[in-house]
Amino acid sequence: AQEKSEYRGMGTTLSALLLLDRKAEIYNVGDSRIYLFSDNGLFQLTEDHSIVWEKYRQRMISKEDIITQPEKNLVTQAIGFLPSCKIFSDSIELPEKYIILICSDGLTDVIPDRKIENLLSRTKNLDNALKSLYQISQNNGSRDDVTMILISNFLK
């Protein structure tokens, strides 16, 4: 982006996870996300670095409204966009049984969290869950790349 004028202003998002025994170290820049699913439901572990996320944090819109906002893809932090960026980091204790979803906004821009939670609550196989999430994203008109990783300590 810095060397080619046609890419000027572009950057990339990053969501990274390091699993250490029953702990997860989480890192995030941009609007890709990391979720934790367990018996307690689905929880987003990262915060989007975007204009609409700021509206959500300020309670101007609901989380469900993020999907319908025209500026949902305008990020405030990205790698390569500015000379430096702020990387969100956190550390959590993992529950006894869990599924972790790392995904790009191509998925979350078109599928509300409650639908992801519903699908993960019924899944018996990670490959099938990935295929189902991808198919739903395409059926819902995803215009972006859909990148996903599912990790579980009790499912294959």
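Higher on the page you've got the structure.
Quick caveat, the model's predicted, so the values are computed rather than measured.

The rules behind the values
- Residues numbered from 1 in each chain as written.
- Predicted model: local features only at pLDDT ≥ 70, side-chain atom pairs only at ≥ 80, totals over all residues.
- Heavy atoms only, no water.
- Buried < 20%, exposed > 50% of the residue type's maximum accessible area, 1.4 Å probe, protein only.
- Helix = DSSP H or I, 4+ residues; strand = E, 2+ residues; numbered from the N terminus.
- Arc of directions from axis to C-beta.
- Contact = heavy atoms within 4.5 Å.
- Pairing = 2+ DSSP bridges.
- Axes fitted to C-alpha atoms, helices over the stretch in contact; angles between N-to-C directions.

**A word on helix H3 (residues 113-122)**
Stage number 1. Along H3, the residues that are buried comprise Ile116, Leu119 and Leu120. Angular distribution of buried residues about the axis of H3 spans 95 degrees; they occupy a single face of the element. Opposite the packed face of H3, turned more than 90 degrees from it, sit the exposed residues Arg114 and Arg122.
Stage number 2. Looking at the buried side of H3, the elements it contacts are strand E3 (33-38), strand E4 (41-44), strand E6 (99-103), helix H2 (105-108), helix H4 (126-139) and strand E7 (148-152).

**Focus: the sheet that holds E4**
Where strands meet in a sheet, backbone hydrogen bonds hold them as pairs that are either parallel or antiparallel.
Stage number 1. The sheet built from 4 strands is open, its strands ordered E4-E3-E6-E7 with antiparallel pairing. At either margin of the open sheet sits one strand with a lone partner, and together these are E4 and E7. Going from strand to strand, the sheet's axes swing by 20 degrees on average, the running direction of each strand aside.
Stage number 2. Where E3 meets E4, 4 bridges bridge the pair, whose relative direction is antiparallel. Within E4, the residue paired with Ser38 across the bridge is Gly41.
Stage number 3. Against the sheet, H3 makes contact with E3, E4, E6 and E7, and its axis sits at roughly 135 degrees relative to E4, the strand it touches most.

**Some words on unusual backbone geometry**
Stage number 1. Even without being glycine, Asp21 reaches a positive phi, approximately 55 degrees.
Stage number 2. When you line up the elements, Asp21 lands in the loop between strand E1 (14-20) and strand E2 (23-29).
Stage number 3. Even without being glycine, Arg59 reaches a positive phi, approximately 60 degrees.
Stage number 4. Its place among the elements puts Arg59 in the loop between helix H1 (51-57) and strand E5 (88-93).

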